[in-house]
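For reference, the chains in residue letters:
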Amino acid sequence: MQGTVDGFSYGLVTPLVAYLMACLGGALGLRCTTRSMLVSNSWRPGWLALGAAAIGSGIWTMHFVAMMGFTVKGAPIHYDKPTTFASLAVAIVMVGVGIFIVGYKGARGTALFTGGTITGLGVASMHYLGMAGMRLNGNLEYNTLTVTASVVIAMGAATAALWAAGQVRGLMWSVGASLVMGLAVSGMHYTGMAALSVHLHGTSAAPSSGDSPAELLAPMMVGPLAFLLIAGVVVMFDPLMVMGKPDWAPVENKPGIPAHAEAAHTVRRPTIRTRRGVGHRSSRAPQNR
């Protein structure tokens, strides 16, 4: 029996909240990625890891907030906890691989394409692994073409977001990129959900064991959101984060004229020392002879 699927049982509440979660994670992750390109190599892995965790947590939270509005008529839905949280780990690890590639190789050419592809596949893998953790009295079936479209959307969104992060044009540039990224991630999610159909075994049998959405909601919201809050504090209070300028710069690249003053100063010192040395040696030369 074909099940009646409703992805908006709470109206626009869950899609809007899910979109905001995707934007928040994307904004923090992109700012951390941008910051990693402006610091010395010793600090770069930390910023990239923080960015990967922020993006992964954001899209994972987005997915399960959106899934709170997903219902199948006549079939209570439960979730397997290990599979559900494994999708979070997959998202963070795969997004991290893509971000580290762009962070060290630059947001251009082959590195951008490779990093964007891996990051996009991480987003799609998180989505479908999370769906695999869903337990109900029926089978989930997917339309291949729609699933392919959702994966392409994820890869395109990730590539565009990483490119924007590599431009290093300040806070507003990253905010705009995160809004686009949130829209693309949400679009990928609902495109993937449009590919889903449910074939029910029957209405009388009890669903498989697992945690209900209500039981998963508390740890899902508390854990990743607490992390996103901490990441937001780190980003907001980091020096020069809003300015988008590097911690370090060669002297000749700094604004103003200090480089010229230092150059003149370094020229005068050897001249004075040389004159003193010559006069001193000339006065002692007759005695030495």
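Procedures and definitions
- Residues numbered from 1 in each chain as written.
- Predicted model: local features only at pLDDT ≥ 70, side-chain atom pairs only at ≥ 80, totals over all residues.
- Heavy atoms only, no water.
- Helix = DSSP H or I, 4+ residues; strand = E, 2+ residues; numbered from the N terminus.
- Buried < 20%, exposed > 50% of the residue type's maximum accessible area, 1.4 Å probe, protein only.
- Contact = heavy atoms within 4.5 Å.
- Areas by Shrake-Rupley, 256 points an atom, 1.4 Å probe, with all protein chains shown as cover.
- Phe/Tyr/Trp six-rings, centres within 6.5 Å; stacked < 30°, edge-to-face > 60°.
- Patch = residues over 30% accessible without salt bridge, like charges linked within 9 Å, V, L, I, M, F, W, Y side chains within 5 Å.
- Salt bridge = Lys/Arg side-chain N within 4 Å of Asp/Glu carboxyl O.
- pLDDT = per-residue confidence, 0-100.

Student: Can you break down the overall build of the protein chain residue by residue, with the values?
Tutor: In terms of regular secondary structure, the protein chain is built from 8 helices and 6 strands. Counting every position in the protein chain, which comprises 289 residues, the buried fraction comes to 42%. Pairs at least 24 apart in sequence give 87% of the contacts found in the protein chain among residues at least 6 apart. Accessible surface, the protein chain as shown: approximately 14,800 Å² in total, 67% of it carbon and sulfur.

Student: Describe the environment of Y142, and please don't skip the residues or the numbers.
Tutor: Looking at the secondary structure, you find Y142 in strand β5 (residues 138-142). Residues Y142 and L196, 54 residues apart in the sequence, show an inter-C-alpha distance of 4.7 Å.

Student: Could you give me a rundown of the environment of M126, with the residues and numbers involved?
Tutor: As for its placement among the helices and strands, M126 is situated in helix α4 (residues 109-132). Owing to a relative accessible area of 3%, M126 belongs among the buried residues under this scheme. Note: C-alpha distance between M126 and I92 (34 residues apart in sequence) is 9.0 Å. Apart from residues no more than four positions distant in its own chain, M126 is found in contact with I59, W60, H63, S87 and A91.

Student: Hey, could you go over the packing of aromatic side chains for me, with residue numbers and the actual values?
Tutor: Evaluated as defined, the whole model comprises 6 aromatic pairs. Plain terms: the ring middles of F8 and Y190 are 5.2 Å apart, the flat faces sit at 15° to each other, and that makes the pair stacked. Residue F8 is found in the loop between β1 (5-6) and α1 (13-36), and its partner Y190 is found in helix α6 (residues 171-194); the two are separated by 182 residues along the sequence. Accessibility expressed as a relative area gives 44% for F8, which makes it partly exposed.

Student: Could you give me a rundown of a nonpolar patch on the surface, with the residues and numbers involved?
Tutor: Residues L229, V233, M236 and F237 make up a contiguous nonpolar surface patch of about 490 Å² in total accessible area. Within the secondary structure layout, M236 lies in helix α7 (residues 213-237). Residue M236 is classed as exposed on the basis of its relative accessible area of 56%.

Student: Tell me what's going on with the side chain of R44, and back it up with residues and numbers.
Tutor: Relative to the elements of secondary structure, R44 occurs in helix α2 (residues 44-67). When sequence neighbours within four positions are dropped, the list of residues in contact with R44 reads S36, M37, V39, G103 and Y104.

Student: With reference to specific residues and values, describe the confidence of the model for the protein chain.
Tutor: Averaged over the protein chain, the pLDDT score is 77; the fraction of residues at 70 or greater is 74%. Note on residues 246-267: pLDDT is under 50 here. Beyond four places in sequence and across chains, it has 13 contacts. For residues 274-289, every residue scores under 50 in pLDDT, and the model assigns this stretch 0 contacts once sequence neighbours within four places are set aside.

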